[in-house]
Amino acid sequence: MYRGGGVSKASLFAEQGYYRQLITDARRTEIDALRGLAILGLLFLNAPFFIYFDYGYIAPPGTHLVDSLLYGIQVLLLDGRFRGLFVALFVVGLIVQWQRRATDSRDEPMHYLRVRLYCLAVIGLVHGMLLWAGDILLGYALAGLLLVTMLDSPAKQQLRQGILFIVVGSAVLLTLSGLYIEPALTYDDEQYQGYLNQDNFHFLATRSSNAINMLLMTLVSLFSVLWLELGAMLLIAATWRSGFLSSPWPHQVKLSVGAGLLLCLLLSGIHLGYGNSFTATLSLIANSISGTITALIALHWLSRRRLRIGVGIRLLANVGRLSLSCYLAQSALMLVITHYFGLYIAQNFALAHYALLAFAIIIVQLLGANAYLRIFTQGPVEWVWRKAVERWR
């Protein structure tokens, strides 16, 4: 498998140091904690989108400076970061599964991963159609199916392909958004008021609108966002494959990373000044790239430092162990809340209120995951996923 510092086709890691720990240990608490942080962070950012998915947060009348400040922090510092972290951990999970299966004669790694990803795609499709159109599972599963065909490619080739896919995906997204530039929607616009008044958030009306949005999102993703996600996944795979993340970073690398983050910050800041559909797309791309860079920094730090495992880390790790169940539970909870209180929330909630709502659900999930794992060893959706994989194989 590992000879003279090289990596064979069956092995995606140099079998030493932190990489070896990932392969041999059943679970790593710090990895689960990062996954839990990503899942809970996604809820914090996504909460306003459960009201009107097409446009996200629409400020109601009477909002003030604090709301603008929170929005700026979200756009400049938070958007894309939790998604980037989740994508990075998704790729690490695929690589670890590959590596473990490469030493198991019962399974060929490619077949095993494909079956897992097919099942995840089904879960994501059902989640997106029935609960929330902002589903990320289907897109990650589709990108993952493409990624596994390239996992054993040389790291340099993965790096080139990753950059190419990010450039192509970004170009397509910007071209599509530039064909018709819409101004930012406001609370008093007829389009938004018409949406709020449609059957007073009738369940069938909101579910049919959600299903249409999911289909449109999937179609757009196939031509643009999917390639951005695949590019990010390839960059993460390349850096792990090469050992770059576990090695000391020279001064030039640190400067390059800092410059990349600063450039992304400036590009996403354009949206705060102009606020239309094109700048929103530009901000999405910049924050996606920034999220990938931030995730690489986190994984590099984790491979070079020993994380102190305290109560907070363990609570996050429990959510990370139940990440799929917690992610779907968030959508289910928000669906119930918006069904009964959606009109009131849309008319009265500023970003601070959404943050408090998300924080309340986060506390419930932190405590609930801890209590659940005292009785069970696996989340309910994780159990269904495992059983489906076993049956399919």
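Residues numbered from 1 in each chain as written. Predicted model: local features only at pLDDT ≥ 70, side-chain atom pairs only at ≥ 80, totals over all residues. Heavy atoms only, no water.

A. Region of the structure containing the packing of aromatic side chains. According to the stated counting rule, one finds ten aromatic pairs in the structure shown. Seen from their ring centres, phenylalanine 50 and tryptophan 132 are 4.4 Å apart, and the 20° between their planes marks the pair as stacked. Pair noted here: phenylalanine 50 is in the loop between α2 (29–46) and α3 (65–78) and tryptophan 132 is in the loop between α5 (109–130) and α6 (137–147), with a separation of 82 residues, a long-range link. Given the relative accessible area of 12%, phenylalanine 50 is considered buried. Taking relative accessible area as the criterion, tryptophan 132 reaches 5% and is therefore assigned buried. Centroid distance tyrosine 344 to phenylalanine 349: 6.4 Å. Interplanar angle 75°. Geometry classified as edge-to-face. (Phe/Tyr/Trp six-rings, centres within 6.5 Å; stacked < 30°, edge-to-face > 60°. Helix = DSSP H or I, 4+ residues; strand = E, 2+ residues; numbered from the N terminus. Buried < 20%, exposed > 50% of the residue type's maximum accessible area, 1.4 Å probe, protein only.)

B. Spatial organisation of the side chain of glutamine 365. As for its position among the elements, glutamine 365 is in helix α15 (residues 351–372). For glutamine 365, a relative accessible area of 7% gives the class buried. Beyond its immediate chain neighbours, meaning those up to four positions away, glutamine 365 contacts Leu40, Val319, Cys326, Ala329 and Gln330. (Contact = heavy atoms within 4.5 Å.)

C. Region of the structure containing a nonpolar patch on the surface. Side chains of Val66, Leu69, Leu70, Ile73 and Leu77 sit close together on the surface and give an oily, nonpolar patch of about 420 Å² of accessible area. If you trace the backbone, isoleucine 73 turns up in helix α3. Overall, isoleucine 73 belongs to the partly exposed group, its relative accessible area being 34%. (Patch = residues over 30% accessible without salt bridge, like charges linked within 9 Å, V, L, I, M, F, W, Y side chains within 5 Å. Areas by Shrake-Rupley, 256 points an atom, 1.4 Å probe, with all protein chains shown as cover. Salt bridge = Lys/Arg side-chain N within 4 Å of Asp/Glu carboxyl O.)

D. A look at the pattern of salt bridges. Under the counting rule described, the total for this entry stands at four salt bridges. Arginine 28 serves as the salt-bridge partner of glutamate 30, at 2.9 Å between the closest nitrogen and oxygen. Looking at glutamate 30, the relative accessible area reads 9%, which means it is buried. Two residues, arginine 386 and glutamate 390, come together in a salt bridge whose shortest N-O distance is 3.1 Å.

E. Helix α9 (residues 203–223), seen in detail. In a regular helix each residue adds 1.5 Å, so 21 residues correspond to 30 Å; α9 covers 31 Å between its end C-alpha atoms and thus fits that length. Turning to α9, its buried residues are Ala205, Thr206, Arg207, Asn210, Ala211, Asn213, Met214 and Ser221. The secondary structure elements touched by the buried residues of α9 are α5, α6, α10 (225–242) and α14 (323–348). (Expected span 1.5 Å × (residues − 1).)

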